[in-house]
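# Commentary on secondary and tertiary structure
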Amino acid sequence: MSASPARATVRAEVRLSTAQLAAAADMSRARLARLVSLGLIDPPEPDTGEFTAAAAARLRRMLRLRRDLHVNLVGATIILDLLERLDRLESELVRMRRGVNQ
Amino acid sequence: MAVKFRDYYEVLGVPRTATADEIKRAYRQLARKHHPDLQPAAERTRAAERFKEINEAYEVLSDADKRARYDAVGSGYKSGTDFTPPPGSEWRTSTTAGPTEWEDAADFSDFFASLFGRPAGRGGRTRRGGRDGVQVTIPGSDVEAELPVTLQDVLHGGRRRITLEGGRNLEVDIPTGVRDGTILRLAGQGERGVGGGPPGDLFLRMRLIPDPRYRVARDDLEMDLPLWPWQAVLGGQVKIDTPDGTVTLRVPAGTQSGRRLRLRGRGLPRADGRRGDLHAVARIVVPERPSAAERAAYEALRRAAEAPTDQPARDRA
């Protein structure tokens, strides 16, 4: 009884509606709207009203940080902003090192 | 299938005599240090493994009952040695699940399952004889990965077969118009949850493979347009390869090196359904080995030239 190889074509989302993002974050649309108005989540694109998938990744990460480490969402955004900066600086450093060695 | 003994005290770095408070403190410190979401992108996967171990250890040692059972069977074992579960434990009773199902069923190790049982999976699989099994519900982790895409994928969309950790295959449709760094979400394709918890999401970050011919600048494409000196001076029609096929481009007379000739709407697809532009950047190329006739023509040109100085001004170069 071996499992059949799971292979399916999966729809990939680049943008999410408010309802989709709320579902992805397991919260109500009202709460999502509140987080947007507090500036904790980037607002949706003005012309389409949709969020990026990157916003979903970030929001879910924030919620995990809150669940596992008991930081609040403001703290979580600060952590993620700092980590993004760190990522950028590290890739910059890699690039510069490459430049020096050439 | 041999199960290795796991020393949960070692994982948390506490002595076997640690109090509940000491265990909690050790766990919190380790969680802060090893939480996958606190790691740089490159180290997240490795941190996730470590974090799982830490959580598993805490799951057992923070619960007085589970800790007592663990201590009862575990005192004679060293970390990493083969472990034989005592009779009556979950390892023996839950034989309904084949090994393949077990491997991808949960975040907890086989060792954990051999002692405390495996929580029921999402597919309605129920655990039998769950005398004192755990009933924890943990959502599956999100997984982040990079997906190399070509300019062709950006322009026309594409389909890619990817293999996830654990050997699962997926075919992913790459929508038209992604950019380097665009993130795709594949809902529910991350790690599986434990105890009926929902699966995580898979997030794919697009990494655009540099194209040998076209450079990407936001919504626009840029390509080199090599011209012979006489084409640049006299102007004319040249055929160029665009991503949409060959087109004829009119080069105006007196085209300098670096001049950008714009082909409207032949760049990258945008969210609003329109497309950016393609810029052909003129680059004047001189013949390296002119024929005798060409050489004579250039010498005649030199005599005929009416340039005021013997060298073009810097700002014209």
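Residues numbered from 1 in each chain as written. Chains lettered and ligands numbered in written order. Predicted model: local features only at pLDDT ≥ 70, side-chain atom pairs only at ≥ 80, totals over all residues.

For chain A, the count of helices and strands is four helices and three strands. Its helices and strands taken in sequence order, chain A reads β-β-α-α-β-α-α from the N to the C terminus. The C-alpha atoms of chain A give 18 Å as radius of gyration, which overshoots the globular expectation for 102 residues (13 Å, by more than 25%). Across its three principal axes, chain A shows a C-alpha extent of roughly 50 × 50 × 35 Å. When the 102 residues of chain A are sorted by exposure, 21% land in the buried category. Of the contacts made within chain A by residues no fewer than 6 positions apart, 46% connect residues no fewer than 24 positions apart. (Helix = DSSP H or I, 4+ residues; strand = E, 2+ residues; numbered from the N terminus. Rg over C-alpha atoms; globule rule 2.2 N^0.38 Å. Buried ≥ 20, exposed ≤ 12 C-beta atoms within 10 Å, placed from the backbone. Contact = placed C-beta atoms within 7 Å.)

Our focus in this paragraph is the interface of chain A and chain B. The interface of chain A with chain B comprises 30 residues on the first partner and 29 residues on the second. Breaking the side of chain A that touches chain B down by element, the ones donating at least two residues are β1 (9–10), α3 (53–69) and α4 (73–101) of chain A. In terms of residue count, the dominant contributor to the side of chain A that touches chain B is α3 of chain A (10 residues). Tallied by class, the residues present in the side of chain A that touches chain B amount to 18 nonpolar, three polar and nine charged. (Nonpolar A, V, L, I, M, F, W, Y, C, P; charged D, E, K, R; others polar.)

In space, the three strands of this open sheet follow the order β3-β7-β6 (chain B), with mixed pairing throughout. The open sheet terminates on both sides in strands that have one partner only, identified here as β3 (143–149) and β6 (183–186) of chain B. Geometrically, the sheet is characterised by an average inter-axis angle of 30 degrees between neighbouring strands, direction not taken into account. Relative to strand β7 (residues 202–208) of chain B, β6 of chain B runs antiparallel, the two being bridged by four bridges. If you follow L186 of chain B over to β7 of chain B, its bridge partner there is L202 of chain B. Helix-sheet contacts for α3 of chain A involve β6 and β7 of chain B, and the interaxial angle to β6 of chain B is about 65 degrees. (Pairing = 2+ DSSP bridges. Axes fitted to C-alpha atoms, helices over the stretch in contact; angles between N-to-C directions.)

The next subject is helix α3 (residues 44–61) of chain B. All names here are of chain B. Helix length check: α3, at 18 residues, gives a terminal C-alpha distance of 25 Å against a target of 26 Å (1.5 Å per residue), a fit within 8%. Among all positions of α3, only F51, I54, N55, A57, Y58, V60 and L61 are buried. On its buried face, α3 is in contact with α1 (8–12), α2 (20–34) and α4 (64–74). (Expected span 1.5 Å × (residues − 1).)

Residue and element names in this part refer to chain A. Contact geometry for α3 and α4: axes closest at 9 Å, N-to-C directions at 120 degrees. By the criterion of interaxial angle, the relationship of α3 to α4 is oblique. Crossing angle aside, the handedness with which α3 passes α4 is right-handed. Each of R58, R61, M62, L65 and R66 in α3 lies in contact with α4, whose residues at this interface are L73, A76, T77, I79 and L80. Along the lines of polarity and charge, the residues of the contact of α3 with α4 split into six nonpolar, one polar and three charged. (Parallel < 35°, antiparallel > 145°, perpendicular 65-115°, else oblique. Left-handed = near helix turned anticlockwise from the far one by under 90°.)

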